[in-house]
Amino acid sequence: MSKKIDSALKDLIKALRKHASVVGGSQVSLKKAQRATARVQAAATVYAEVVYAKSGVGNPFSDVIDPGLEPATLESLTAERDAIALGLTGPIPTQHAAAL
């Protein structure tokens, strides 16, 4: 195995173990979980780049599903963003606080 791939793999495994440790506890700190997630993403990116540079093989994580927003929500947000960018929407209405 290539030294660069081996090093990137070790960093990825370390990041995954840290992530599992952070999110596997009884109480999960959002900040710690976000940092651990960012480390895993960065390590996975480096690993994929090193593998591609060495072998030309594509990203092994390209099919990983992001458990974020539903596809319908993403489509709606994309359409809304595009409409705003093209100026197809009118001014955004504002609400005023109720007087007491």
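Residues numbered from 1 in each chain as written. Predicted model: local features only at pLDDT ≥ 70, side-chain atom pairs only at ≥ 80, totals over all residues. Heavy atoms only, no water.

Some thoughts on the nonpolar core
Here is step 1: Listed in full, the 10 residues of the largest apolar core are Ile5, Ala8, Leu12, Ala15, Val40, Ala43, Ala44, Tyr47, Val50 and Val51.
Here is step 2: Of all the secondary structure elements, the ones that give two or more residues to this core are helix H1 (3–23) and helix H2 (30–55).
Here is step 3: With six residues, the single largest contributor to this core is H2.
Here is step 4: With residues up to four places along the chain from it excluded, the contact list for alanine 44 reads Leu12 and Phe61. (Core = buried A, V, L, I, M, F, W, Y, C linked by side-chain atoms within 4.5 Å. Buried < 20%, exposed > 50% of the residue type's maximum accessible area, 1.4 Å probe, protein only. Helix = DSSP H or I, 4+ residues; strand = E, 2+ residues; numbered from the N terminus. Contact = heavy atoms within 4.5 Å.)

Details of H2
Here is step 1: Between its first and last C-alpha atoms H2 spans 37 Å; for 26 residues at 1.5 Å apiece the expected length is 38 Å, and the two agree.
Here is step 2: Along H2, the residues classified as buried are Ala33, Ala36, Val40, Ala43, Ala44, Tyr47, Ala48, Val50 and Val51.
Here is step 3: On its buried face, H2 sits against H1.
Here is step 4: Glycine 56 lies just past H2 and shows a positive phi near 80°. (Expected span 1.5 Å × (residues − 1).)

Keep in mind these values describe shape, not function.
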